[in-house]
Amino acid sequence: MTRFVLGRVAQMAVTLLGASVVVFTVLRLMPGDPALVYAGPFAGSDVVEAVRDRMGLHDPLPVQYLLWLKAFVTGDLGVSSISGLPVSQLVGSALAQTALLTLTTSLLAIGVGVPLGLLAALRKGTWADRLVAGFNTVALGVPNFWLGLILVIVFAINFSILPAGGSAKLTEDPLGALTSLVLPTIALGLAPAAMLARLTRGAVIEVMHEDFMTMAAAKGMSIGFVIRRSLLRHVFLNLLPVLAILVGSLLTGAAIIESVFTLPGAGRLIIESTRQRDYAVLQTLLVIFVAVFLLVTFVADILYSVLDPRVRGHLMREGGVR
Amino acid sequence: MSVITAPRLLSRMRRREHRRVALVTGLVLVLGLCAAGLLAPLLAPHSPVAQYPGEELRGYGGRFLLGTDDLGRDTLSRTLYACRAALLVGLLGVGIGATVGSLIGLVIGYVGGRLDSFVMRLTDIGIGFPVVIVGIVVVAIGGPGPQAVIIAIALYYLPAFVRILRGSALQLRARPFVEAAASMGVKDRVIVLRHVLPNALPLFVLQVGLALPDAVLLDAGLSFIGLGAPPPSPTLGDMLSQARSYLDVPRLAIVPGLALCLLVIGLNLLADGVRDVLDPRESSERAR
């Protein structure tokens, strides 16, 4: 087990290092001069040169990369070339916002999706099953940002019972921050809920054919008991890798949803900093996004192999659940 | 497995019936919207970019069947042209990403060894990048437009298809007919193209089908945040983005949004139906 974990950690580190090279190279390919943006349109060429010098843009690319990597590893993320604020502060608060949205959305998706899938599987072939299937089809076909718009039109404009967005801080105005998350959470969480419902249904049906289920039934255990003790654990096992991928894709979805609801999250920060060629912020955010994705996959791999030791060998060969 | 009793057989048949309804619904929706998109120049009552002064923000009915937007442009015509663009961009994006990715996957799966593990590490990196970021970076380098969205979608699906087709090639490599060909001295290139590729085709078609609805959603999402074709060309995402400024006129959000929903739902139903035919197991994994 230790060998497996260490191997996966090493693999993750190499992948992350590769990703940081890609991020760095791609950002330097972008047209536009950050020094020019920073100095402003009316700065003389000597000022721009000075800025360029201070930003280290004269060094060769590999040197720039190594300097950045060194600073990054030691926790020195630099300052935003636009707002002058420390990158750690900007990125930190934006990530907190996005993490909160991802959390509420995951809770909604699991809280709605798993019970629906369970219901559909236990009542397979009945109208309940068909109703859930219909819900899934519709929920997976409705784009989250459009749903967001419609929710805003209905609940914020027509009935004005919920805010259309907002930037209330959880620490200052907890109620305001949470209510402003209600509509984005629904918009973002509906499709993942449907996906989980489908997967849960499939997993439950598969598990119900396993020998231990027949065994439990033969022993005279009640359905509810069997579901709680055996079935859910096995279903969870089947869902783990998917949950991990889901969290990764929620981060992406958040980028668009945040701009619909004007939430000050990481997705909006990425769009803003790209527009303004804010290298320091953008580099940090991109690397963190990739790192989060890798970390989530990693945790899923570990949990998966703890719960089911048989997969360990397989994962070591294939390098990950995906 | 359990014995098939009469009621169970009945319910299974009914289930098939139910699935066929889904498949046919999907087919009708997709064919209808494809036809609407392809025939947009014939069907559209007005030009999608023409502005009619004095006719801004008209309601349903009359000269403009589905009303007009804030610039006095016909919503119906714009939606038709936007569907056409969405289908084209989605198809091209997935097509390019899937084809290139699959070829890479087949080769590394067949060749194996160092090359294989190296490329697989690269796909680890590629899969870690959220599509919005890929899109933003592509746009930052080459400017916004449909080509940027196509490239972003292609880049997004490329690593996933490398992985799926690599897995398929790994399995096929061990099959007797491939070993037989190899032992007869057939060149690797020929084996991959003649024996491995054709056998991996159903999987390829299936995965392209599953990716398409998501690609149409991605296209709309990327143009929604301003990465797609610049105005005045109509895209569903851009129309929805404009509707944000006129939330008191819900019609502007409803019409293109419903078209998008119908398109995605249709493609989803169709893909699920095709999957049932090609791979009757309950669940088969999506590319992404």
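Coordinates for the structure precede this section.
About the criteria used
- Residue positions are counted from 1 within each chain, in the order its sequence is given.
- The lettering of chains begins at A and the numbering of ligands begins at 1, in the order of writing.
- Only residues with pLDDT of at least 70 get local features here, since the model is predicted, and only at 80 or more are side-chain atom pairs given and counted; chain-wide, interface and lining totals rely on the full set of residues.
- Excluded from the side-chain calculations are hydrogens and water; all other atoms, namely the structure's heavy atoms, are used.
- Only protein atoms enter the 1 Å grid used here. Points where a 1.4 Å probe fits but cannot escape make up a cavity, open sets with protein on both sides within 12 Å along at least five of seven lines make up a pocket, and a residue lines them when an atom lies within 4 Å of a point.
- Grid points are joined across faces, edges and corners, and a volume is the space filled by probe spheres set on the points.
- Strands are runs of DSSP state E lasting at least 2 residues, helices are runs of H or I lasting at least 4, and numbering of each runs from the N terminus.
- Ten residue types, Ala, Val, Leu, Ile, Met, Phe, Trp, Tyr, Cys and Pro, are classed as nonpolar, four, Asp, Glu, Lys and Arg, as charged, and the remainder, Gly among them, as polar.
- Salt bridges are defined by distance alone: a side-chain nitrogen of Lys or Arg within 4 Å of a carboxyl oxygen of Asp or Glu.
- Any residue under 20% of the maximum accessible area for its type is buried, any over 50% is exposed, and the rest in between are partly exposed; the area is computed with a 1.4 Å probe on protein chains only.
- What qualifies as a polar contact is a pair of N or O atoms within 3.5 Å, subject to a donor-acceptor requirement within protein and to the restriction that residues adjacent in sequence count only when both atoms come from side chains.
- Pairs of residues are marked as contacts when any of their non-hydrogen atoms sit within 4.5 Å.
- Only buried Ala, Val, Leu, Ile, Met, Phe, Trp, Tyr and Cys residues count toward a nonpolar core, and they belong to the same one when joined by side-chain atoms within 4.5 Å.
- The pairing test for Phe, Tyr and Trp rings, Trp by its six-membered ring, is centres within 6.5 Å, and the orientation test on the planes gives stacked under 30 degrees, edge-to-face over 60, and tilted for anything in between.

### A short note on empty space enclosed by the protein
Residues and elements named next belong to chain B. Going through the model one piece at a time under the given rule, you end up with five cavities of 30 Å³ or more. When its volume is computed, the second largest cavity comes out at roughly 70 Å³. The wall of the second largest cavity is formed by Asp69, Thr75, Arg78, Met239, Gln242, Ala243, Leu252 and Pro256. If you list the elements that add at least two residues to the lining of the second largest cavity, you get α3 (75-111), α9 (236-243) and α10 (251-278). With three residues, the single largest contributor to the lining of the second largest cavity is α9. Of the residues assigned to the lining of the second largest cavity, the class counts are four nonpolar, two polar and two charged.

### What to know about the pattern of salt bridges
Residue and element names in this part refer to chain B. Counted according to the given criterion, the structure contains five salt bridges over all chains. Notably, a salt bridge pairs Asp69 with Arg78, separated by 3.8 Å at the nearest N-O pair. For Arg166, the salt bridge identified is with Asp116, shortest N-O distance 2.7 Å. Remark: Asp116 occurs in helix α4 (residues 113-128) and Arg166 occurs in helix α6 (residues 146-173); sequence separation between them is 50 residues. Given the relative accessible area of 10%, Arg166 is considered buried. Owing to a relative accessible area of 8%, Asp116 belongs among the buried residues under this scheme. Through salt bridges with shared partners, one network takes in Asp69, Arg73 and Arg78.

### With respect to the side chain of A:Ser80
Residues and elements named next belong to chain A. Along the chain, the position of Ser80 falls in the loop between α4 (61-73) and α5 (87-122). Here Ser83 takes part through its backbone nitrogen, which lies 3.1 Å from a polar atom of the side chain of Ser80. When near neighbours in sequence (up to four residues on either side) are disregarded, Ser80 contacts Leu85, Val87, Leu90, Asp278 and Val281.

### Description of the nonpolar core
Counting residues in each nonpolar core, the largest one holds 119 residues, and the members touching the most others are B:Val94 and B:Tyr157. The dominant element in this core, judged by the number of residues it contributes, is helix α8 (residues 188-224) of chain B, at 15 residues. Leave out the neighbours within four places in its chain, and B:Val94 touches B:Thr99, B:Ile153, B:Tyr157, B:Val208, B:Ala211, B:Leu212 and B:Ala215. Ranked by size, the runner-up nonpolar core spans 19 residues in total, among them A:Val114, A:Leu118, A:Leu196 and A:Val207.

### Focus on the packing of aromatic side chains
Residues and elements named next belong to chain A. Going through the model one piece at a time under the given rule, you end up with nine aromatic pairs over all chains. Seen from their ring centres, Trp68 and Phe72 are 5.6 Å apart, and the 55 degrees between their planes marks the pair as tilted. Remark: Phe72 and Trp68 occur in helix α4; sequence separation between them is four residues, near one turn of the helix. Here a set of aromatic residues connected by ring pairs shows up, and it is made of Phe24, Tyr65, Trp68 and Phe72.

### Description of the layout of surface pockets
Residues and elements named next belong to chain A. Taken as a whole, the second largest pocket spans an internal volume of roughly 780 Å³. Arg54, Met55, Gly56, Gly78 and Ala280 are the residues nearest the centre of the second largest pocket, which is lined by 28 residues in total. If you tally residues by element for the lining of the second largest pocket, the top one is α4, at six residues. Here the residues of the lining of the second largest pocket sort into 14 nonpolar, eight polar and six charged.

### As for the side chain of B:Thr235
Residue and element names in this part refer to chain B. Within the secondary structure layout, Thr235 lies in the loop between α8 and α9. A distance of 3.1 Å separates a polar side-chain atom of Thr235 from the backbone nitrogen of Asp238. If near-sequence neighbours (up to four positions away) are discounted, Thr235 is found in contact with Ala82, Ser223 and Ala229.

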